[in-house]
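Structure assessment
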Amino acid sequence: MPLALLALAVGAFGIGTTEFVMMGLLPDVADDLRISIPTAGHLVSAYALGVVIGAPLLAAVTARMSRRTVLIGLMALFVAGNALSAFAPGYESLLAARFLSGLPHGAFFGVGAVVATSMVAPERKARSVSLMFLGLTVANVAGVPVATLMGQHLGWRATFLGVSVIGLAAIASLALLIPHDHTHASAHGLRGELAALKSLPVWLALGTTVAGFGALFAAYSYVTPMLTDAAGFAPASVTLLLALFGVGATAGNLLGGRLADQAMRGTLFGGLAALGVVLALFPLMMRAEWSAALAVALLGMAAFVTGSPLQLMVMDKAAAAPSLASSANQAAFNLANAGGAWIGGLALAAGLGVTSPALAGAVLAVLGIAVAGVAYGVDRNRAAKLQQTDATPNGKGRLVATYVPQAGERSRR
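Within any chain, residue numbers begin from 1 and follow the written order of that chain's sequence. Two thresholds apply to this predicted model, a pLDDT of at least 70 for residue-level local features and 80 or more for giving and counting side-chain atom pairs, whereas whole-chain, interface and lining totals are computed over all residues. Note that water and hydrogens are dropped before the side-chain values are worked out from all heavy atoms of the structure.

Within the element layout of this structure, Asn334 appears in helix H14 (residues 322-349). Note on Asn334: relative accessible area 3%, which makes it buried. Under the DSSP-based scheme used, a helix requires at least four consecutive residues in state H or I and a strand at least two consecutive residues in state E, with every element numbered from the N terminus. Exposure is judged per residue with a 1.4 Å probe applied to protein chains only, and the accessible area is read against the type maximum: over 50% gives exposed, under 20% gives buried, and values in between give partly exposed.

Set out below in C-alpha cells:
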C-alpha cells in the first residue's frame, strides 16, 4: 500500500477527533459560555449540518481542480474552523465556527477515497479506502479520549487548538506524500459530476448507507443509558467502554476492506446481517457487564465492516464522475447519524424500554438489507439488458456477442 495513504489517514484522524470530541466537552462548554446543555448540543448539530451541506457543494465546485490541491485546501479550511472555534468569543460565533469545521469533512473523505483507489491495483481498492478510514476509527480509540482529557484539564479551547495542530500536520503530510500523477481533475467537470447523481443505482447505494448506519446510530446514540441503567456500569466506566467500540470499529473497518476486495456485495450483505443480529441481541447482552462490553465492541465491528464496501459501491455506480457521489455518501452517513438518533429517541419516548433503540436499529438494518437487495436486482436487470444490446442473432435463434476489432486489427470473419 502506498505511503501516501498515511497522509489521508492523518487528515481523517483529525476530522474524526473534532467530530466526536464535542460530545465529551458539552458540560465544559456550557459552563464556560453560560448556556444550557441542550443549547450546547446544537454545536453538534451545526457540525453535522456543515458536513451535509459541504460534502456535495465543495466536491461540485472543485470538480475541475487537482484533487491534491483540493485535499490540501479542504484541510486548510478544517484548520481555520477549529482555530476559530478555539478563539470564539461567544456561543453564536462558536456555532458558526463548528459549522465551518464541518464543511470540509464529507468532501475530504469523498475526494480522498477517489485518490486512494487511484493509487492501488483494482483488487486492493477497498483496502485502500479502509486504510484512509482507519484514521477515523482510531480517533475514537485514542484521539477523542485524549482530546477530552485535554479539554477537561486545560480548557475546551485547548482541545480545538490541538486539533488545529493535527490539521497542520495533515497538510504537511498531504503536500509531501500525495503524488501529482494520481490526482488530476475530473475530465467531466461540474456538469459530469452532477449527472452522476441522476443514476438510480447511486441513490440506492446512498439509501443503503442511510439505513445501514442509521441502524448503528439508533443504538449508539443511547448506548450510555443502556450501559448504566440496564447493564449496571458506573458512569465513570462509560469512557472505557466507548473506547471498546472504537477498537471494534477499527477491526471491522480493516476486515471489511480486505473482504470487500474479494466480494464487495457479499461483504455488504454479510455486514448488514451481522449488524441486525447484534442489535437484536442487545437487550439480552445488556443483562450482564461482560456481555454488554462484548456487545459494544461487536456493534462497532459489525457496523464498520460495511464502511468500505458502501463507499466503493457508490464510487463504482458513478465511475465516470466519482468525487461528488463519493462525497454525497459522507453526507448520507451524517443524515444516518441524525435520523438514527431520532428514530431511537422515538422508541425511548414511546416507553418501550432503555434498550428499545437497539431493536429500532435492528429494523433499520433489515431495511438496509432490503434496499441493498433492490440495488442488486436493478444491477442484474441492467446487466441483462446491456448483454442483449451487445449481442446479435446468429441465424439459429441463439445470441452471440459481436466482436469489435481493436485499433490496428483486421475485422474477423
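Membership of the largest hydrophobic core comes to 54 residues, with the highest contact counts inside it found for Leu216, Leu227, Leu279, Phe282, Met286 and Leu299. By residue number, the principal contributor to this core is helix H8 (residues 200-220), which donates ten residues. Contact definition: two residues touch when any of their heavy atoms are within 4.5 Å. In this structure, Leu299 is in contact with Leu216, Phe245, Leu275, Val278, Leu279 and Phe282, ignoring residues within four places of it in sequence. Buried Ala, Val, Leu, Ile, Met, Phe, Trp, Tyr and Cys residues that are joined via side-chain atoms within 4.5 Å together make up what is termed a nonpolar core. Core analysis: the second largest hydrophobic core is formed by 36 residues, Ile15, Tyr47, Phe78 and Leu136 among them.

Between two aromatic rings, the relevant description is the distance of the centres plus the angle of the planes. Put simply, two rings from Phe, Tyr or Trp (the six-membered ring, in Trp's case) pair if the centres are within 6.5 Å, and we call them stacked under 30 degrees between planes, edge-to-face over 60, tilted for the rest. This structure, assessed with the given rule, holds eight aromatic pairs. An angle of 45° between the planes, with centres 5.6 Å apart, marks the rings of Phe109 and Phe133 as tilted. Pair noted here: Phe109 is in helix H4 (residues 91-118) and Phe133 is in helix H5 (residues 125-154), with a separation of 24 residues, a long-range link. In this structure Phe109 comes out as buried when scored by relative accessible area, which is 0%.

Moving on, we come to the environment of Ala142. Position of Ala142 among the secondary structure elements: in helix H5. With relative accessibility at 32%, the residue Ala142 sits in the partly exposed group. Each C-alpha atom, one on Ala142 and one on Val247, is 9.7 Å from the other, the two residues being 105 residues apart in sequence.

In this section: unusual backbone geometry. Phi at Arg34 takes a positive value of approximately 60°, unusual for a residue other than glycine. Checked against the element boundaries, Arg34 lands in the loop between helix H1 (4-33) and helix H2 (37-61).

The subject of this paragraph is the packing of H4 against H5. The axes used here are C-alpha line fits, helices contributing only the stretch in contact, and every angle between their N-to-C directions lies in the interval 0 to 180 degrees. In the contact formed by H4 and H5, the axes pass within 8 Å of each other and the chain directions differ by 140°. Viewed along their axes, H4 and H5 adopt a mutual orientation that is oblique. Note on packing geometry: the crossing formed by H4 with H5 is right-handed. Listed contacts from H5 to Phe109, Gly112, Ala113, Ala116 and Thr117 of H4 are Lys125, Ser128, Val129, Met132, Phe133 and Leu136. Ten residues, namely Ala, Val, Leu, Ile, Met, Phe, Trp, Tyr, Cys and Pro, are considered nonpolar, four, namely Asp, Glu, Lys and Arg, are considered charged, and the remaining ones, Gly among them, are considered polar. A class-by-class count of the residues in the contact of H4 with H5 yields seven nonpolar, three polar and one charged. Note on angle classes: values under 35 degrees are labelled roughly parallel, values over 145 roughly antiparallel, values of 65 to 115 roughly perpendicular, and the remainder oblique. By definition, any crossing whose near helix is turned counterclockwise from its far helix by less than a right angle is left-handed, and any crossing with a clockwise turn is right-handed.

Here we take up the confidence of the model for the protein. Scored between 0 and 100, pLDDT is the confidence that the predictor attaches to each residue. Per-chain confidence: the protein averages 83 in pLDDT, with 89% of residues scoring 70 or above. Taking the mean pLDDT of every element in the protein, the minimum, 43, falls on strand S2 (residues 399-401) and the maximum, 94, on helix H3 (residues 67-86).

Our next topic: a nonpolar patch on the surface. A cluster of nonpolar side chains, Leu49, Ile53, Leu57 and Val61, forms an exposed patch at the surface whose accessible area comes to about 350 Å². Relative to the helices and strands, Ile53 resides in helix H2. Note on Ile53: relative accessible area 38%, which makes it partly exposed. Residues enter patches when their relative accessible area tops 30% and they take part in no salt bridge; the joining distance is 9 Å for like charges and 5 Å for the nonpolar side chains Val, Leu, Ile, Met, Phe, Trp and Tyr. Computed with a 1.4 Å probe, the accessible areas rest on the Shrake-Rupley method; for each residue, only the protein chains presented here act as cover. Whenever a carboxyl oxygen of Asp or Glu lies within 4 Å of a side-chain nitrogen of Lys or Arg, that contact is scored as a salt bridge.

With respect to the helices and strands, the residue Gly248 is situated in helix H10 (residues 238-262). Look at Gly248 and you get buried, because its relative accessible area is 4%. Through-space distance from the C-alpha of Gly248 to that of Phe304 is 8.3 Å; in sequence the pair is 56 residues apart. Among all residues touching Gly248, those that are not within four sequence positions of it are Ala297, Gly300 and Met301.

On to the side chain of Asp379, then. With respect to the helices and strands, Asp379 occurs in helix H15 (residues 356-389). Dropping the residues within four chain positions of it, Asp379 is found in contact with Pro201, Arg265 and Lys317.

Let us now look at the pattern of salt bridges. This model, assessed by the stated rule, comprises three salt bridges. Notably, a salt bridge pairs Arg265 with Asp379, separated by 2.5 Å at the nearest N-O pair. Remark: Asp379 occurs in helix H15 and Arg265 occurs in helix H11 (residues 264-285); sequence separation between them is 114 residues. Per residue, the accessibility class of Arg265 equals that of Asp379, and both read buried.

An ideal rise of 1.5 Å per residue puts 40 Å on 28 residues; H14 measures up with 40 Å between its terminal C-alpha atoms. With 20 of 28 residues buried, H14 is to be regarded as a mostly interior element. Of the residues trailing H14, Gly351 is marked for its positive phi of about 75°. Expected span of a helix: the number of residues minus one, times 1.5 Å.

A word on the packing of H5 against H10. With their axes 8 Å apart at the nearest point, H5 and H10 run at an angle of 180° to one another. It follows from the interaxial angle that H5 and H10 lie roughly antiparallel. Contact residues: Lys125, Ala126, Arg127, Ser130, Leu131, Phe133, Leu134, Thr137, Val138, Asn140 and Val141 in H5; Ala243, Gly246, Val247, Ala249, Thr250, Asn253, Leu254, Gly257, Arg258, Ala260, Asp261 and Gln262 in H10.

Next up on the list: the environment of Tyr220. Mapped onto the elements, Tyr220 comes out in helix H8. We classify Tyr220 as buried; its relative accessible area is 16%. Sequence spacing of Tyr220 and Phe245 is 25 residues, and the spatial spacing of their C-alpha atoms is 9.4 Å. Aside from chain neighbours lying at most four places away, what touches Tyr220 is Leu242 and Phe245.

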